[in-house]
Amino acid sequence: MDYKKAFEKFKEHDAFIKTTVPRNIEGSSKAALNRKGNILYNSGEIEKARRIFVTTGYSDGISRVGDHYLSQNKILDAMKMYWIAPDRPKLEPLLSQLAGVLSGLISEEEESND
């Protein structure tokens, strides 16, 4: 995907888009890192675990971090983790809720302009 072309329309907003390329991690190192991430997650060090899981691309761990965020009512953070995982069965209901909220806001705005 040509990221520069996709985000050209946002130039005038003085914003930057962070993109990453997945790292290639050797199988044994990846397994050791995922074990360390699981230990950190289970001991409550969620952010440290998240960094490891995202680095290794461990989708189950990323999804569990999303579950944690959701339990803390951090909906957007949870959605981000589910998107990265990818865990569509957990993401889709949240997207539907978000779409409903946005639709309601747009309806209210249109009604107030009438």
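You'll find the structure just up there.
Basis of the calculations
Residues numbered from 1 in each chain as written. Predicted model: local features only at pLDDT ≥ 70, side-chain atom pairs only at ≥ 80, totals over all residues. Heavy atoms only, no water. Core = buried A, V, L, I, M, F, W, Y, C linked by side-chain atoms within 4.5 Å. Buried < 20%, exposed > 50% of the residue type's maximum accessible area, 1.4 Å probe, protein only. Helix = DSSP H or I, 4+ residues; strand = E, 2+ residues; numbered from the N terminus. Patch = residues over 30% accessible without salt bridge, like charges linked within 9 Å, V, L, I, M, F, W, Y side chains within 5 Å. Areas by Shrake-Rupley, 256 points an atom, 1.4 Å probe, with all protein chains shown as cover. Salt bridge = Lys/Arg side-chain N within 4 Å of Asp/Glu carboxyl O. Expected span 1.5 Å × (residues − 1). Arc of directions from axis to C-beta.

A. Quick look at the nonpolar core. By size, the foremost hydrophobic cluster in this structure holds 16 residues, and its most contacted members are Tyr 41, Phe 53 and Val 65. Counting only elements with at least two residues in this core, the list comes to α2 (27-42), α3 (46-56), α4 (59-71), α5 (75-84) and α6 (88-113).

B. Focus on a nonpolar patch on the surface. A surface patch of nonpolar side chains, about 810 Å² in accessible area, is lined by Val 54, Leu 76, Trp 83, Ile 84, Leu 95, Leu 98, Val 101, Leu 102 and Leu 105. Among the elements of the structure, α5 and α6 are those that each provide at least two residues to the nonpolar patch. Assignment of secondary structure puts Ile 84 in helix α5. Judged by its relative accessible area of 36%, Ile 84 falls in the partly exposed class.

C. Fine view of α2. Along its 16 residues, α2 runs 22 Å from first to last C-alpha, staying within 8% of the 22 Å computed at 1.5 Å per residue. Inspection of α2 places Asn 34, Gly 37, Asn 38, Leu 40 and Tyr 41 among the buried residues, and these make up the whole buried set. Seen from one end, α2 has its buried residues packed into an arc of 160 degrees, which puts them on one side. Opposite its buried face, α2 presents the exposed residues Arg 35, Ile 39 and Asn 42, each directed more than 90 degrees away.

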